Amino acid sequence: MTRTAGRPRPLQPGARSPWCPGLLGMACLLATLPDAQAQAQAPAQAQTAPATPARQTVVIEGRGDDAASRRQQAVGATTVIGRDALDEAGDHSLLDVLQRVPGVGIDGDAPRLLGMGAGYTQILLNGEPAPPGFSLEQLAPADIERIEIVKGPTAEFGGAAGTINVILRSPPNLRQRELRGAVGWRTVRPQGSVSGHWGDRFGDVGLFLPVSLYSWANGADLDVQRSSTPAGGTATRQRVTGRDQWLGGGINIAPRAEWKANTTDTLQAQLFLQRNHHHNRGWRSTEALDGPAPALASDASRSDGSWQLLRSQLQWVRKQPDGSRLELKASAEAARWTNAGSAQGIAPDGTAGSLRENDALHRDRKALVGARWRLPLGEAHTLNAGVDVDQRARRELNRRFIDGTEQVTSATGVPLAVDIHHAVAFVQDEWALSERATLLAGLRAEQHRLWLQGAGDVVRSNWQLLSPNLQWRQALDARGRDVLRLAVARSQRTPDVGLLLPRYNLNGGYVATETNTPIAADSAGNPALQPERLWTADLRLERTLAGGGVLSAGLSHRQVHDLIRRRIALETVAEASAPRWVSRPVNLSSARSSAFDLELKGSAPQLLGALWPQAPKALQLRASASWFRSSVEQIDDPDARLDGQPPWQTTLGADWQGPVPGISAGATWTMTPGFRTRQTDTQQVWRGRSSRLDAHLQWRIDRQRSLRLAVNNALAPDSLSSNAITGSDGSGAASSTRRSSVPQFTASVQWRL
């Protein structure tokens, strides 16, 4: 509940902020220096100024899309990136936008919060879970109204580490015509995009039609050193070199209509269509350094496929003058993924190896109905409640051929059928304890039922979880600029359907007639997998600086039960004539994860005024740092951390409005150190240091036109990794991988008609 803040008391000259804890004390003091200096100079100026008639000064503050106000007033730790900020940056990929957000890490093409893996971070599209196969990288920021980043679980959305909710654009209040185009180069061939946005309002009806076409081109060189020592056997060493190319393109269409039937009722309808295709190629050459010759000296592979998604959503909203709100919604979704590939190898003696072909078709259908109800109760309480029920059906058929003969096994050549029923109900009370304190108490009930059938027996799973959620917001000053937030909740991480399916994927580096190594293990699912259960606690102090700056510090902790980890073992499988090393997900044990993060952003005079008196006001600075610690109870090793969680990461950024009108520039640098992870008592992996530098220069020619030049991943460091496994019988295997990286250059133009 939003309340009118009381009038703040003026800060006395030289006085410190109401809170300046520990590591933040210096930054707080610097932030208050300009105000203190101004107040100290005010009396002297008043004495020397000539007498003039009294004048009344009116100050008008523009908040744009009010993203800063949303963050300041939120009970939970929330960051909102609004339409104005998306336009100002001019990015062409949603991942580029998230790359600059403090506390958000990017691993591959998946964002993560609190340094935890992508499975802990929930991705929503218009408040609903994104479908399998959906990629944020292929969603243009121009099609987005705002991005809501919630650090931590909530009664409405859940989310173990947090939620990233992407809201697509709505019909505008005024006529809108816009064209955008971009061309770039990363490797292999040029890539580009073009998009158009048309929006208008006809009386009570608003229409909006965005269309985007895009293409991508990427490639990387590969160098792998691998070794294997069987128990009582002879060690072998091999070197694999190769190159991969990823080419493709697609289209996004998201029309939306809105009808304001009267002063209280609004009906909204939206479609979202995404379709793309890919053409991937790969080449491998294997050289024996020690031991016998490899089965294949070289190998060439290709993969062609497509992905398409159609989602329709209908929503009715009734808003009453007393602040109550009722929302009913229904949506339907259909996704389809196809892939066809082949691989042909050459033996060391020059003869052709077997021709391996695969063909896959995956279909996904989903229907959802839901309701939201908001009801003010007196002056202090606001009740929020909601329910979502969805039914998902997934059908898969993976086919594999060797020299034209289809291989029918328990996972290939046999249809897989999965039906999922998911129901969620939540209720929460927002209680304004006082003008400064708000308590949010909620309860989330979740049920997940799964039915799976393949070549074997039918598998049924049923999970339930009752999740309490408690959030407290305390404003430490009358204007609410200094805020303390505390949250305690229970949540769960449901395993992806792909981990549950009993399908089996052979590692292409070893043919089915030979035993692979633990480093090059095959992969398989586990239908008996259970969800992870988590208890979470988050504490955050935040100060809103003048001009939209922010200074915050946060501490979070997660207690994980039934941790999901992959375990590698030697098995006899129907897909191969020789024993194979297989990686399967299992519920290993319990784990703990903690994080501490700092965020600071504002103008250069605010942050550096004491050290740099001439700092230009047009220079905006951003900085964040996060430290992570985790442990797995079953593994006695200081590096037994959660998969992919680094020990720390940092982001530095600057945005500058040049002296020439319309000229602006910006740069962002992120850094993650190298680290080792002990996955099990016998398995460990290492990831090398990674850094990324993005920069752009933008010229706003006039109010309608702008030109932007950008370089992403300017440093382009190679990606380094290694992994090793040892057995109790003295066996072992290890590999190290170097993958090249290249920068991406883009030139784009925007024209508003």
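Think of each chain on its own: its residues are numbered from 1, step by step along the sequence as written. In view of the model being predicted, local features appear only for residues whose pLDDT reaches at least 70, and side-chain atom pairs are presented and counted only at 80 or more, with totals across whole chains, interfaces and linings using the full set of residues. Side-chain numbers here rest on the full set of heavy atoms in the structure, without hydrogens or water.

Runs of H or I in DSSP of at least four residues are treated as helices and runs of E of at least two as strands, each being numbered from the N terminus. From N to C terminus, the protein chain includes six helices and 39 strands. Taken over C-alpha atoms, the radius of gyration is set against a globule rule of 2.2 Å times the number of residues to the power 0.38. Compactness check: the protein chain gives a C-alpha radius of gyration of 28 Å against a globular reference of 27 Å for 753 residues, within 12% of the reference. Taken along its principal axes, the extent of the C-alpha atoms in the protein chain is 100 × 55 × 55 Å. Taking all 753 residues of the protein chain together, the buried fraction comes to 48%. When checking whether two residues touch, look at their non-hydrogen atoms; a contact exists if any pair is within 4.5 Å. Across the protein chain, the fraction of contacts at a sequence separation of at least 24, relative to all contacts at a separation of at least 6, is 67%. When accessible area is computed with a 1.4 Å probe and restricted to protein chains, residues below 20% of their type maximum are described as buried, those above 50% as exposed, and intermediate ones as partly exposed.

Think of a salt bridge as a Lys or Arg side-chain nitrogen and an Asp or Glu carboxyl oxygen that are within 4 Å of each other. One pass over the full model with this rule turns up 46 salt bridges. Measuring nitrogen to oxygen at the nearest pair gives 2.9 Å for the salt bridge that ties Arg71 to Glu599. Residue Arg71 is found in helix α2 (residues 67-73), and its partner Glu599 is found in strand β29 (residues 591-603); the two are separated by 528 residues along the sequence. The same class applies to Arg71 as to Glu599, namely buried. Counted as one network, the salt bridges with shared partners bring together Asp637, Asp639, Arg641, Arg676 and Arg678.

Relative to strand β14 (residues 298-319), strand β13 (residues 265-290) runs antiparallel, the two sharing 21 bridges. Pairing of Arg284 across the sheet is with Asp299, part of β14. DSSP-based pairing: two strands are paired if at least 2 bridges between them are found. For β14 and strand β15 (residues 325-346), the ladder comprises 22 bridges, and the chain directions are antiparallel. Of the residues in β15, the one forming a bridge with Arg302 is Ser342. Taking the residues that link successive antiparallel strands as the turn, the β14-β15 hairpin has five residues, and the phi of Gly323 there is positive, at about 95°.

Below, the discussion takes up the nonpolar core. Grouping buried Ala, Val, Leu, Ile, Met, Phe, Trp, Tyr and Cys residues that are joined through side-chain atoms within 4.5 Å yields what is termed a nonpolar core. Grouped together as the largest cluster of nonpolar side chains are 40 residues, with contacts concentrated most on Leu94, Tyr120, Leu139, Ile147 and Ile149. For this core, the elements supplying multiple residues, two or more each, are α4 (94-99), β6 (144-150), β7 (162-168), β14, β29 and β30 (619-632). The biggest single contributor to this core is α4, with four residues. In terms of nonpolar packing, the next biggest core, distinct from the first, is built from 11 residues, Val418, Val497, Leu529 and Ile564 among them.

Take empty space enclosed by the protein next. The probe, sized like a water molecule, is rolled over the atoms to show the empty space still left. Lining residues are those with an atom within 4 Å of a point, where the points come from a 1 Å grid over the protein atoms alone and group into cavities, where a 1.4 Å probe fits but cannot get out, or pockets, open sets with protein on both sides within 12 Å along at least five of seven lines. Grid points are joined across faces, edges and corners, and a volume is the space filled by probe spheres set on the points. Tallied over the entire structure, the rule returns eight cavities of 30 Å³ or more. Roughly 200 Å³ of internal volume is contained in the largest cavity. As for the largest cavity, its lining consists of 21 residues, of which Ala77, Lys151, Ala487, Asp538 and Arg540 are closest to the centre. Those elements that place two or more of their residues in the lining of the largest cavity are β21 (459-475), β22 (482-493), β25 (532-544) and β26 (550-561). Partitioning the lining of the largest cavity into residue classes produces 10 nonpolar, six polar and five charged. Residues are grouped as follows: Ala, Val, Leu, Ile, Met, Phe, Trp, Tyr, Cys and Pro are nonpolar; Asp, Glu, Lys and Arg are charged; all remaining types, including Gly, are polar.

So, about the sheet that holds β6. Here we have five strands laid out as an open sheet, ordered β1-β6-β7-β4-β5, and mixed in their pairing. With one partner strand each, in any of the chains shown, β1 (78-81) and β5 (128-129) form the two edges of the open sheet. Sheet topology places strand β4 (residues 121-125) next to β7; five bridges connect them, and they run parallel. Pairing of Leu125 across the sheet is with Val166, part of β7.

Residue position: Asp96 is located in helix α4. Residues within four places of Asp96 in sequence aside, it is in contact with Asp91, Arg692 and Asn712. Whenever two N or O atoms come within 3.5 Å, that pair is a polar contact, provided that in protein one can donate a hydrogen and the other can accept it, and provided that, for residues adjacent in sequence, both atoms are side-chain atoms. Reaching out from Asp96, the side chain makes a polar contact with the side chain of Arg692 at a distance of 3.3 Å.

Okay, the side chain of Thr78 next. Inspection of the secondary structure puts Thr78 in strand β1. Since its relative accessible area comes to 15%, Thr78 is described here as buried. Not counting residues up to four positions away in its chain, the partners in contact with Thr78 are Arg71, Ile149 and Val150.

With that out of the way, let us pick up the side chain of Ser603. With respect to the helices, strands and loops of the structure, Ser603 is situated in strand β29. Under the relative-accessibility criterion, Ser603 is labelled buried at 14%. When near neighbours in sequence (up to four residues on either side) are disregarded, Ser603 contacts Lys617, Leu619 and Gln620.

With that settled, the discussion passes to a nonpolar patch on the surface. A cluster of nonpolar side chains, namely Trp198, Phe202, Val205, Leu209, Trp259, Leu267 and Leu314, defines an oily patch on the protein surface of about 620 Å² accessible area. Residue assignment for the nonpolar patch shows that the elements contributing at least two residues are β9 (189-202) and β10 (205-229). Note on placement: Val205 falls in strand β10. Exposure above 30% relative accessible area and the absence of a salt bridge qualify a residue for a patch, where like charges join within 9 Å and nonpolar side chains (Val, Leu, Ile, Met, Phe, Trp, Tyr) within 5 Å. All accessibility values rest on the Shrake-Rupley procedure with a 1.4 Å probe; residue burial counts only the protein chains present in the view.

Okay, the sheet that holds strand β28 (residues 580-587) next. If you walk across this open sheet you meet the four strands as β23-β24-β28-β27, and the pairing is mixed. Each edge of the sheet is formed by a strand with only one pairing partner; in this case those strands are β23 (504-505) and β27 (564-571). Inspection of the sheet shows β27 paired to β28 by eight bridges, in the antiparallel sense. Looking at the pairing, Glu571 lines up with Arg580 of β28.

This part is about unusual backbone geometry. In this structure, Asp403 takes a positive phi of about 55° despite not being glycine. Summarising the element assignment, Asp403 is placed in the loop between β17 (381-402) and β18 (405-406). Located in the positive-phi region is Ala716, a residue other than glycine, with phi close to 50°. Among the secondary structure elements, Ala716 is positioned in the loop between β36 (705-712) and β37 (719-726).

Time to look at the packing of aromatic side chains. Between 30 and 60 degrees the pair is tilted, below 30 it is stacked and above 60 it is edge-to-face, where a pair is any two Phe, Tyr or Trp rings, Trp via its six-membered ring, whose centres lie within 6.5 Å. Scanning all chains against the criterion turns up three aromatic pairs. The interplanar angle of 25° and the centroid separation of 5.9 Å between the aromatic rings of Phe596 and Trp627 together place this pair among those described as stacked. Of this pair, Phe596 sits in strand β29 while Trp627 sits in strand β30, placing them 31 residues apart in sequence. Sitting over the ring of Tyr120, Arg493 keeps its end group 4.4 Å from the ring centre. Sitting over a ring, as applied to charges here, requires NZ of Lys or CZ of Arg to be within 6 Å of the ring centre and within 35 degrees of the ring normal.

This part takes up the confidence of the model for the protein chain. Summary statistics for the protein chain give a mean pLDDT of 86 and a share of 91% for residues scoring 70 or more. Confidence of the prediction at every residue is given by pLDDT, a number between 0 and 100. Of all the helices and strands in the protein chain, helix α1 (residues 25-48) carries the lowest mean pLDDT, 40, while strand β12 (residues 256-260) carries the highest, 96. Every residue in residues 1-65 scores below 50 in pLDDT, and together they form 74 contacts with partners more than four places removed in sequence or on other chains.

Taken together, the four bridges between strand β2 (residues 104-107) and strand β3 (residues 110-113) define a ladder with antiparallel strand orientation. Pairing of Ile106 across the sheet is with Pro111, part of β3. The antiparallel pairing of β2 with β3 creates a hairpin that spans two residues between the two strands, and Gly108 there sits at a positive phi of about 70°.

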